[in-house]
Amino acid sequence: MLLPWAIAKVIDEVLLAGNTGPLLPWSLVLIGVAIASSWIFIAGYRALFMAESHARVRTVQNLTDHLNRAGTGVRGAVSPGEMVNLSTQDAHKTGSFIFQLGFGWMGVVMLGVGTGMLWNIAPVLGVVIAGGVVFIGFVVGPVLSRLQHHQIAYRASVATLTGQAADVVGGLRVLRGVGGEDQFSRRYRAASADLREAGYGVARADSWVQGLRTSLPLALIAVITWVAARLALGGSISVGELSAAFGMTALVAQHSGAMIGMAQAVIAAQVASRRLTAFFNTRSDIVDEGAGRGAEGPLRDPGSSAVIEPGKLTVVVSAEAKPAEAAMERLARYRESDAEWGGTRLDALALDEVRERVLLLREDYLFAQSLGETLRVDEAKALAAIEAACAGDVHSSLGSSLEGEVTNGGRNLSGGQRQRLRLARALAADAEVLLAVEPTSAVDAHTENLIASRMSAVRKGRTTAVVTASPLWLARADAVVWMVDGKVRAAGTHAELSRQREYRALTSRQES
């Protein structure tokens, strides 16, 4: 705002007065103000950009941390598609609000300074510019409110559509198998049309805001210039002051648009923050209030009456894997239950203690990273785990190097390779207690026999439970737990339980 004032002084004291004496000092003032303005603007822009980037990164970090804490508590409350929107669109809009906040605040300060300087030139000019900005606010306010309404509807439509897209990515093969592609296509096309209409609504409201953001400041400049020109013709202000009035009003008008932009950013950030807040309000379905540590002894699940003895290989046999898997989840404290460890309830133990000491192996996810990063141990231990899980072909298919890349979900591996890599990862973790659900269901009998032999040797003396009805595992089991309808029917050795015809029919893989 000092530039128009300095130019006005040059006009009045040098050009109109015909005196070159003040030219040098005022030129130095002009140069100094111009350089300072440029550097200050660059520094401010950089600070705002860094603040925006930091906010976006922190939002994504907080989303990730909360997802890790809430775990399965998020399931059903937030879809995978919504998670994509939260970490991209919503993180961007809340970050952009910080950037626009800086420019909006600059506009407010410029309005205050400009109004004061114009008041000093002529009070009527200060009144006109302040009243003009207030008028712009009254005109734009209702349009901004309508824009917010449309953005809420648009964001809801985006969540619906991305949710459907995420679902089909995960279940396309199933859809094809049951002939559901046409039905999904119709639903997706209808949701796309709704999103398009919502987008048009946002665009219409936004076009009005952008039009008013450009035209109203220009109208304000025209009014101030006309009033200042009338004052200059009447001799109330000088020609230099007329120039200053025009320059200051142009700057104020330009940055009143920044204040409108800030209002738009506020609206977008409000819509995004509602979605983010809904996600952060989700809670883990596992209560972490325990503080106990150092539990020892057998793991007991009162829900099924299953007992996993310490230091032994226990095979859990069930005609249906789901009830047995549920029991393993209770023993690993992935479900709230009355499960105990050596007489101490699991929910009385610190959750991080249970997670550190008890590992549950299921169809766990394989992330896009190198083989070495997947196994997370040094090279010698990684190769030993690969050998124990009979995953040598996985290692060789990735270039016989731990630097070989496993793609997202392990899609560059076969089903059997993915299962053996998961097993290798579990063995590399070397947990005190390993609970594995059908770890060899996707391999042939020869490979399964090798895995059972090697794993029983590697885990000798450590607590291991395997859910399977395979006789190859049962031949090496120290103890067997036989479950029927989610309850333990009998427990003992494989030889002892084989005296019962129903158990013998199940484990010999013959029809009863």
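Computed from a prediction, not measured in an experiment: that's the story for all the values here.

Q: Is there a simple way to explain the overall build of the protein in this structure?
A: For the protein, the helix and strand inventory stands at 16 helices and 12 strands. Over its C-alpha atoms the protein spans a radius of gyration of 35 Å, topping by over 25% the 24 Å that the globule rule assigns to 512 residues. Oriented by its inertia axes, the alpha-carbon framework of the protein measures out at about 120 × 50 × 45 Å. For the protein, with 512 residues in total, the buried portion stands at 43%. For the protein, long-range pairs separated by at least 24 residues make up 75% of all intrachain contacts whose partners lie at least 6 apart in sequence.

Q: Explanation requested: the sheet that holds strand β1 (residues 299-301) in the structure shown.
A: Two strands in a sheet stick together by hydrogen bonds in their backbones, pointing the same way (parallel) or opposite ways (antiparallel). Pairing in this open sheet of 4 strands is antiparallel, and the strands run β2-β1-β4-β5 from one edge to the other. Unpaired on one side and paired on the other, β2 (306-308) and β5 (344-345) mark the two borders of the sheet. Where β1 lies against β2, 3 bridges are found, and the strand directions are antiparallel. Within β2, the position partnered with D301 by the bridge is A306. Most of the contacts of helix α7 (residues 321-331) go to β1, to which it runs at about 125°, and overall it touches β1 and β2.

Q: What am I meant to see in the environment of A469 here?
A: Within the secondary structure layout, A469 lies in the loop between β10 (463-467) and α14 (471-474). Residues A469 and E496 lie 27 residues apart in sequence; the distance between their C-alpha atoms is 15 Å. Setting aside chain neighbours within four positions, we find A469 in contact with V317, L474, L506 and T507.

Q: What is the right way to read the nonpolar core from this model?
A: A general tendency of soluble globular proteins is for nonpolar side chains to be buried together. In terms of nonpolar packing, the biggest core is built from 41 residues, with V317, L421, L427 and W473 touching the most fellow members. Mapped onto this core, the elements with two or more residues apiece are β3 (313-318), α9 (371-375), α10 (379-388), α12 (415-429), β9 (433-437), α13 (445-458), α14 and β11 (479-484). It is α12 that provides the largest number of residues to this core, a total of 6 residues. What L421 contacts, discounting residues up to four positions off in sequence, is L366, L371, T374, L375, V394, V406 and L413. Within the second largest apolar cluster, 29 residues are counted, among which are A8, M117, I129 and L212.

Q: Any chance you could explain the side chain of S370 here in plain terms?
A: Residue position: S370 is located in strand β7 (residues 369-370). On the accessibility criterion, S370 (5% relative accessible area) is buried. Sequence-distant contacts of S370, defined by excluding residues within four places in its chain, comprise L402, E403, G404, E405 and V406.

Q: How should the sheet that holds strand β12 (residues 487-492) be read in this particular structure?
A: Overall, mixed pairing links the 6 strands, which are arranged β6-β9-β10-β3-β11-β12 in an open sheet. At either end of the open sheet lies a strand with only one pairing partner, and these are β6 (358-361) and β12. The sheet shows a mean angle of 15° between the axes of neighbouring strands, taken without regard to direction. Judged from the 5 bridges that link them, β3 and β11 form a sheet pairing that is parallel. Bridge pairing links T314 to A479 in β11. With respect to the sheet, α12 is in contact with β6 and β9, its orientation differing from that of β6 by roughly 175°.

Q: Mind showing me how you'd approach the side chain of S318 here?
A: Here S318 is to be found in strand β3. At a separation of 2.6 Å, a polar atom in the side chain of S318 contacts the main-chain carbonyl oxygen of E320. If near-sequence neighbours (up to four positions away) are discounted, S318 is found in contact with A324, M483 and L506.

Q: What's the story with the packing of helix α2 (residues 23-70) against helix α3 (residues 80-121) in this structure? I'm lost.
A: Helix-helix packing is described using two parameters, namely the angle between the two axes and the distance between the axes. Packing of α2 against α3 brings their axes to within 9 Å, and their N-to-C directions diverge by 150°. By the angle class used here, α2 and α3 are roughly antiparallel. For the pair α2 and α3, the crossing hand works out as right-handed.

Q: What should I look at first to understand the environment of R293 in this one?
A: Following the sequence through the fold, R293 ends up in the loop between α6 (239-280) and β1. Here R293 falls in the exposed class, since its relative accessible area comes to 52%. Between the alpha carbons of R293 and A350 there is a distance of 6.5 Å; along the sequence they are 57 residues apart. Here the side chain of R293 touches D352 through a polar contact of 3.2 Å, side chain to side chain. For R293, the side chain forms a polar contact with the side chain of E353, separated by 3.4 Å.

Definitions and cut-offs
- Each residue is numbered by its place in its chain's sequence as written, counting from 1.
- Local features in this predicted model are restricted to residues whose pLDDT is 70 or higher, and side-chain atom pairs enter the listing and the counts only when it is 80 or higher, whereas totals over whole chains, interfaces and linings include all residues.
- Each side-chain value is worked out from all heavy atoms of the structure, with water and hydrogens disregarded.
- Going along the chain from the N terminus, every DSSP run of H or I of four or more residues is numbered as a helix, and every run of E of two or more is numbered as a strand.
- For this measure, only C-alpha atoms enter the radius of gyration; the expected value for a globule follows 2.2 Å times N^0.38, where N is the number of residues.
- Burial here depends on accessible area, computed with a 1.4 Å probe over protein chains only, as a share of the maximum for the residue type. Under 20% is buried, over 50% is exposed, and the range in between is partly exposed.
- Contacts were defined at the residue level, with two residues in contact if any of their heavy atoms lie within 4.5 Å.
- For two strands to pair, DSSP has to find at least two bridges joining them.
- Each axis is a line fitted through C-alpha atoms, taken for helices only over the stretch in contact, and angles between the N-to-C directions span 0 to 180 degrees.
- Only buried residues count toward a nonpolar core, which is a set of Ala, Val, Leu, Ile, Met, Phe, Trp, Tyr and Cys residues joined through side-chain atoms within 4.5 Å.
- Pairs of N or O atoms are called polar contacts if they sit within 3.5 Å, as long as, within protein, a hydrogen donor faces a hydrogen acceptor (for residues adjacent in sequence, only side-chain-to-side-chain pairs).
- Throughout, the term roughly parallel applies to angles under 35 degrees, roughly antiparallel to angles over 145, roughly perpendicular to angles from 65 to 115, and oblique to all others.
- By the definition used in this description, the sense in which the near helix is turned from the far one sets the handedness, with an anticlockwise turn below a right angle giving left-handed and a clockwise turn giving right-handed.

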